Amino acid sequence: MIEELLEGEEVSLLALTDGRDAVPLAPAQDFKRIDDGDKGPNTGGMGSYSPVPGLGQSEVEDLLDLVHRPALGELAKRGTPFAGVLYAGLMLTADGPRVLEFNCRFGDPEAQSILPRIEGDLLDLLESVAAGRLEGEVEVGDSAAVTVVLAAGDYPERSDDRGTPIDGVEDAEETGALVFHAGTAQQGGRLVTNGGRILNVTALGDDLPAARAAAYEAVGRIEFEGMRFRRDIALTAAEGHVRS
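Notes on the structure in this doc start here. Worth saying up front: this structure is predicted, and the values here are computed from it rather than measured.

**A word on the side chain of threonine 164**
Looking at the secondary structure, you find threonine 164 in strand β12 (residues 162–165). Its relative accessible area of 16% is what places threonine 164 among the buried residues. Among the polar contacts made by the side chain of threonine 164, one reaches the side chain of aspartate 161 at a distance of 2.7 Å. Dropping the residues within four chain positions of it, threonine 164 is found in contact with Leu191, Val192, Thr193, Phe224 and Glu225.

**Section: the nonpolar core**
In this structure, Tyr49, Val146, Val148, Leu150, Ile166 and Leu199 are the most contacted members of the largest nonpolar core, which totals 43 residues. Where this core is concerned, the elements lending two or more residues are β1 (9–17), α1 (57–77), β7 (84–93), β11 (144–151), α4 (169–174), β16 (197–205) and α5 (208–219). At six residues, α5 tops the list of elements feeding residues into this core. Formed by 14 residues, the second largest nonpolar core is a distinct cluster that contains Leu25, Ala28, Leu122 and Leu125.

**A closer look at the packing of aromatic side chains**
Inspection of every chain in the model, using the stated rule, returns two aromatic pairs. Arranged with centres 6.3 Å apart and planes meeting at 45°, the rings of tyrosine 216 and phenylalanine 229 form a pair that is tilted. With tyrosine 216 in helix α5 and phenylalanine 229 in the segment after α5, this pair connects stretches of sequence that are 13 residues apart. Taking the relative accessible area as the measure of exposure, tyrosine 216 reaches 18% and is therefore buried. For arginine 105, the ring lying beneath its charged end belongs to tyrosine 87, and the centroid distance is 5.8 Å. Lying over the aromatic face of phenylalanine 229, arginine 231 brings its terminal NZ or CZ to 4.4 Å of the ring centre.

Basis of the calculations
Residues numbered from 1 in each chain as written. Predicted model: local features only at pLDDT ≥ 70, side-chain atom pairs only at ≥ 80, totals over all residues. Heavy atoms only, no water. Helix = DSSP H or I, 4+ residues; strand = E, 2+ residues; numbered from the N terminus. Buried < 20%, exposed > 50% of the residue type's maximum accessible area, 1.4 Å probe, protein only. Polar contact = N/O pair within 3.5 Å; in protein donor to acceptor, adjacent residues only side chain to side chain. Contact = heavy atoms within 4.5 Å. Core = buried A, V, L, I, M, F, W, Y, C linked by side-chain atoms within 4.5 Å. Phe/Tyr/Trp six-rings, centres within 6.5 Å; stacked < 30°, edge-to-face > 60°. Lys NZ or Arg CZ within 6 Å of the ring centre and 35° of its normal.

Right, dumping it as structure tokens:
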């Protein structure tokens, strides 16, 4: 097996496609390592943010032309056209973008930062994709979004934390944040943990610093024993840079 070491910034770019053309969603960046400073083992994602500094509309269109549209063209050529959400995980290297992975779904936790920024009716676009006649564009607002994942204390080594009471979700939502449930359950009418990544907390703001502050304010209202989360989600991006 021959492997190439890729150095650069990871970016997630999702696009809606009817099998022929594609329209992009806003790019996002996620954080795979469990600890601050990108240390520790990899996870399914400990947080995300959107927009990504340095990736404007022209750069996004260049990535679509380089990555998504050729892949869609080849699938159609083979008689297996793909319609839906084409997720590309990319590494932006000094030698140009490299594809790390493709997925045919909304990515997690990137979707939690991407979808709240959409204005207008996403359902109409999804319907046109399903019907094979992609129409329109994704309208993205000027707001920024930051998502912080709250994980169990034994994550990612194990996912054994089940049944631990969770407090403060309603308080967090009162700040205006969106709280997405991932590894939760109900026991006797009580919200409890159900292993792994427990909650995703997303907040919007006029810019990344405001969204980041709002997200962590909401996070501060949630409690469960062993709760772990990164404290540096979107930290360097809030300063106007893609994280290094």
